[in-house]
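# Descriptive structure summary
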Amino acid sequence: MKIKRKIIEIEEEKCDGCGQCVPSCAEGAIRIVDGKARLVAEKYCDGLGACLGECPRDALHVVEREADDFDEKAVEEHLRESSPPLAPPSAAGGCPTSRLQSFAKPVTCADANRPVSRSGGGASALSHWPVQIKLVPANAPFLKGADLLVAADCTPFAYPDIHRDFLQGKVLMVGCPKFDDAESYIQKFTDVFKMSGVRSVTVLTMEVPCCQGLPVIVKRGMAAANADIPMSHIVVGVQGKIVRRE
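Residues numbered from 1 in each chain as written. Predicted model: local features only at pLDDT ≥ 70, side-chain atom pairs only at ≥ 80, totals over all residues. Heavy atoms only, no water.

Right, let's talk about the overall build of the protein chain for a bit. For the protein chain, the helix and strand inventory stands at 6 helices and 11 strands. Classification of the 246 residues of the protein chain by burial places 45% in the buried group. Here the contacts in the protein chain between residues at least 6 apart in sequence split such that 71% fall between residues at least 24 apart. (Helix = DSSP H or I, 4+ residues; strand = E, 2+ residues; numbered from the N terminus. Buried < 20%, exposed > 50% of the residue type's maximum accessible area, 1.4 Å probe, protein only. Contact = heavy atoms within 4.5 Å.)

Quick look at the environment of I234 now. By the secondary structure assignment, I234 is in strand 10 (residues 231-236). A sequence separation of 32 residues divides I234 from T202, and the C-alpha atoms of the two residues are 7.5 Å apart. Non-local contacts of I234, meaning those with residues more than four positions away in its chain, are made with F166, T202, V203, L204, T205, I242, R244 and R245.

Right, let's get into the environment of L149. Relative to the elements of secondary structure, L149 occurs in strand 7 (residues 147-152). Residue classification places L149 among the buried positions, given a relative accessible area of 0%. Taking the C-alpha atoms as reference points, L149 and T202, separated by 53 residues in sequence, lie 4.8 Å from one another.

Turning our attention to the pattern of salt bridges. With the rule as written, the count across this model stands at 10 salt bridges. For the salt bridge of R220 with E183, the shortest nitrogen-to-oxygen distance reads 3.8 Å. Of the two residues, R220 is situated in helix 6 (residues 213-225) and E183 in helix 5 (residues 182-195); the sequence distance between them amounts to 37 residues. It is possible to trace a salt-bridge network through shared partners that takes in K2, E42, R65 and D68. (Salt bridge = Lys/Arg side-chain N within 4 Å of Asp/Glu carboxyl O.)

Here we come to unusual backbone geometry. Negative phi is the rule for most residues except glycine; trans is the rule for most peptide bonds. Cis geometry is found at the peptide bond from W129 to P130, where omega equals -5°. Relative to the assigned elements, P130 resides in the loop between strand 6 (128-129) and strand 7.

This paragraph deals with the pairing of strand 9 (residues 200-206). Two faces belong to every sheet, and in a regular strand the side chains alternate between them. In terms of burial, strand 9 is a largely internal element, 7 of the 7 residues being buried. Where strand 9 and strand 10 come together, 6 bridges link them in parallel fashion. Residue pairing in the sheet places L204 in a bridge with I234 of strand 10. In this fold, strand 9 hands off to helix 6, which returns the chain to strand 10; that crossover is right-handed. (Pairing = 2+ DSSP bridges. Right-handed = clockwise from strand over helix to strand, strands pointing away.)

Right, let's talk about helix 6 for a bit. Between its first and last C-alpha, helix 6 extends 18 Å over 13 residues, near the 18 Å set by a 1.5 Å rise per residue. Taken residue by residue, helix 6 has L214, P215, I217, V218, G221, M222 and A225 as its buried positions. The arc enclosing the buried residues of helix 6, seen along the axis, measures out at 160°, which places them on a common side. Turned more than 90 degrees away from the buried face of helix 6, the exposed residues are K219 and A223. Looking one or two places after helix 6, you find N226, whose phi comes out positive at around 55°. (Expected span 1.5 Å × (residues − 1). Arc of directions from axis to C-beta.)

Moving on to the packing of aromatic side chains. In total, this model carries 2 aromatic pairs according to the counting rule given. Aromatic side chains Y159 and F166 sit 5.3 Å apart centroid to centroid with 50° between the ring planes, which places their arrangement in the tilted category. For the pair Y159 and F166, a shared accessibility class is recorded, and that class is buried. Ring geometry for F189 and F193: centres 6.0 Å apart, planes at 20°, overall stacked. Linking F189 with F193, this pair stays in helix 5, spanning 4 residues, or about one helical turn. Summarising the burial analysis for this pair, F189 and F193 share the class buried. (Phe/Tyr/Trp six-rings, centres within 6.5 Å; stacked < 30°, edge-to-face > 60°.)

Let us look at the side chain of T202. Along the chain, the position of T202 falls in strand 9. Leave out the neighbours within four places in its chain, and T202 touches L148, L149, V150, K170, S232 and I234.

For L60, the location among the structural elements is in strand 4 (residues 60-68). L60 sits in the buried class, given a relative accessible area of 5%. In this structure, the C-alpha to C-alpha distance between L60 and I8, residues 52 residues apart in sequence, is 6.7 Å. The contact partners of L60, leaving out residues within four places of it in the chain, are I8, E9, I10, C21, I30, C51, L52 and C55.

Our next topic: the nonpolar core. Ranked by internal contacts, the top residues of the largest apolar core, which has 45 residues, are L143, L148, V150, F189, F193 and V201. Of all the secondary structure elements, the ones that give two or more residues to this core are strand 7, helix 4 (162-167), strand 8 (171-175), helix 5, strand 9, helix 6 and strand 10. With sequence-adjacent residues up to four places away left out, V201 is seen in contact with L148, V150, F193, V218, M222, I229, P230, M231 and S232. (Core = buried A, V, L, I, M, F, W, Y, C linked by side-chain atoms within 4.5 Å.)

So this is what it looks like as structure tokens:
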């Protein structure tokens, strides 16, 4: 049924096909077709504009017009039937780490405990891209049944053994509750917990006050999703020591 509502409009002449908007649409409403971002179907677009900030060419806008009504059940079926469409490599640009990637070879415990050499020979426990909260699609394959590590983006710099002690065997989502939009984070975690069957959550923050909103955001996402998931909160001091476990 057509109604007047807000919906995404893509200016084809501005779009360079970089694909940065694709992962940010949790409904899978955008894909790259013939080198341009296209709306898959009007009913998949909720009109909230989560994709807007990812476009480097300002080709995406929210407009109000006659369109098919947003259909949440159709979105759920669409997401079940297909993985999020990925943007192909583009000579025009786009960040490679915004595209979904899962690394086939798991890192062993021996690898994770291997000391980092001066030549950069230490092993990484990272299993996927993207890692930024706002870029990870809620239905990303690597989230299915995952043990999730939600880390404030200062923590890897303060705690040097994050790969060995926290990331091994976990899926990572990174963000800053001070500089990013808290409500968009809550919605993202709500969608993740509804769609992905996450088994556990570890929240890693700094001891500074601005970090303490991150576990609250995760808990609000759980509550909105009616999800009961074990969660632990680990606080890192400014000099890199663990100061508290909750």
